[in-house]
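A look at the structure
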Amino acid sequence: MIFAPRIALFLLFAFFALCVLLVHLRGRARLRFDRQLVDHSAIFAPYNLLMYAFSAVPARPILDRRGFPQLDLLQANWQTIRAEAMQLFDEGHIRAAEKHNDASFNSFFKQGWKRFYLKWYGEPLTSAETLCPKTVALLRSIPSVKAAMFALLPPGSKLNPHRDPFAGSLRYHLGLITPNSDDCRIFVDGEVHAWRDGKDVVFDETYVHWAENRTDQTRVILFADVERPLRTRWMSAINHRVGAFMGKITASPNTESATEKAGFVNRVFALNQRSRERSRTFKKKHPKLFRVLKYIGIVLMIWLVFLAPYPFVR
């Protein structure tokens, strides 16, 4: 059957588009559907629907913090965590990725957002163990906290509306160094939380959310991913393994060292960014040749997709 593979591909795409649509309709705040369809969060739409179906927490943008008693330890020790964050901030360790090796937050860096990883779906980073041992010790004692970092949002900055891609976790924010103002806040599906020193919040980051700091002071928080509570052990086991795999391929280092390496996704992203930079440089030096090569590439792509014979057709 000549058309069988095309029908199969069409059905696969239709199923994927339906999953994206269902995720898109979740909540009141939405991205444009054409953007949602190609957004990085769309990749996990089928998996995320499975997480929502088995979730043991309500389908709400901002969740009741009392439902996560394991996080009490972090809030109770917020001043200890704050002291280590302040030292890192003063010494310039909270910073953007230096070599395009953090695809997860690349768009945030353009707005001045910065981070220092404490752990990322695995063991704490070596630099974190050295520079903030007390915070790392607290995190080690809470197995459900799968990832954590110090995150900085500078004065006058804004993070545009977005969905995070992975519903296997929930997001935790603990205010450490904040303006203590309603003008420094996050919107989750339209619900507002203003960061304040020592105050925390748990929310579902797969709802559309955005943030702004309309003050003249820097905001630093403890930013963590908490494993989503699920209703069955086997689904929790699946989610744990998927999270560990995703963490491994999206790891990003704080420093250039043998013990801190970028994951596969970030290595590919860095290569792509360097390629794009070379392409922009080539375009500036040889604009006419660049256009010719571009059109040749487009024609070749059309031929490969629409005109080249399928190897399975005889």
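What counts, and where the lines are drawn
- Residues numbered from 1 in each chain as written.
- Predicted model: local features only at pLDDT ≥ 70, side-chain atom pairs only at ≥ 80, totals over all residues.
- Heavy atoms only, no water.
- Phe/Tyr/Trp six-rings, centres within 6.5 Å; stacked < 30°, edge-to-face > 60°.
- Helix = DSSP H or I, 4+ residues; strand = E, 2+ residues; numbered from the N terminus.
- Buried < 20%, exposed > 50% of the residue type's maximum accessible area, 1.4 Å probe, protein only.
- UniProt positions renumbered as here; feature names shortened; annotations may be inferred.
- Pairing = 2+ DSSP bridges.

Per an unreviewed UniProt entry, the protein goes by the name Aspartyl/asparaginyl beta-hydroxylase domain-containing protein and belongs to Dyella tabacisoli.

Moving on: the packing of aromatic side chains. In this description, an aromatic ring pair is defined by two values, namely the gap between the centres and the angle between the planes. The final tally for this structure, using the stated rule, is 13 aromatic pairs. When the centroid spacing of 6.0 Å and the interplanar angle of 80° are considered together, the rings of F105 and F223 count as edge-to-face. Placement of F105 in the loop between helix 5 (78-90) and helix 6 (106-109) and of F223 in strand 10 (residues 219-227) is noted, with a sequence separation of 118 residues between them. Using a relative accessible area of 6% as the deciding quantity, one classes F105 as buried. On the basis of an interplanar angle of 40° and a centroid distance of 5.9 Å, the ring pair of F109 and W113 is categorised as tilted. Cluster of aromatic residues (ring-pair linked, three or more members): F105, F108, F109, W113, Y117, W120, Y121 and F223.

This part is about the UniProt feature "transmembrane region" (unreviewed entry) in the protein. In this structure's numbering, the residues bearing the UniProt feature "transmembrane region" (unreviewed entry) are residues 6-25 and 292-312. From the first C-alpha to the last, residues 6-25 spans 28 Å; its make-up is 95% helix and 0% strand.

With that settled, the discussion passes to the pairing of strand 8 (residues 200-203). What you see with strand 8 is no split at all: D200 and V202 on one side and V201 and F203 on the other are buried throughout. Sheet topology note: the strand 1 (residues 62-63)/strand 8 ladder contains 2 bridges and is antiparallel. From the neighbouring strand, I62 faces strand 8, where its bridge partner is F203. Inspection of the sheet shows strand 5 (residues 169-177) paired to strand 8 by 4 bridges, in the antiparallel sense. Residue pairing across strands places Y172 opposite V202, the latter belonging to strand 8.

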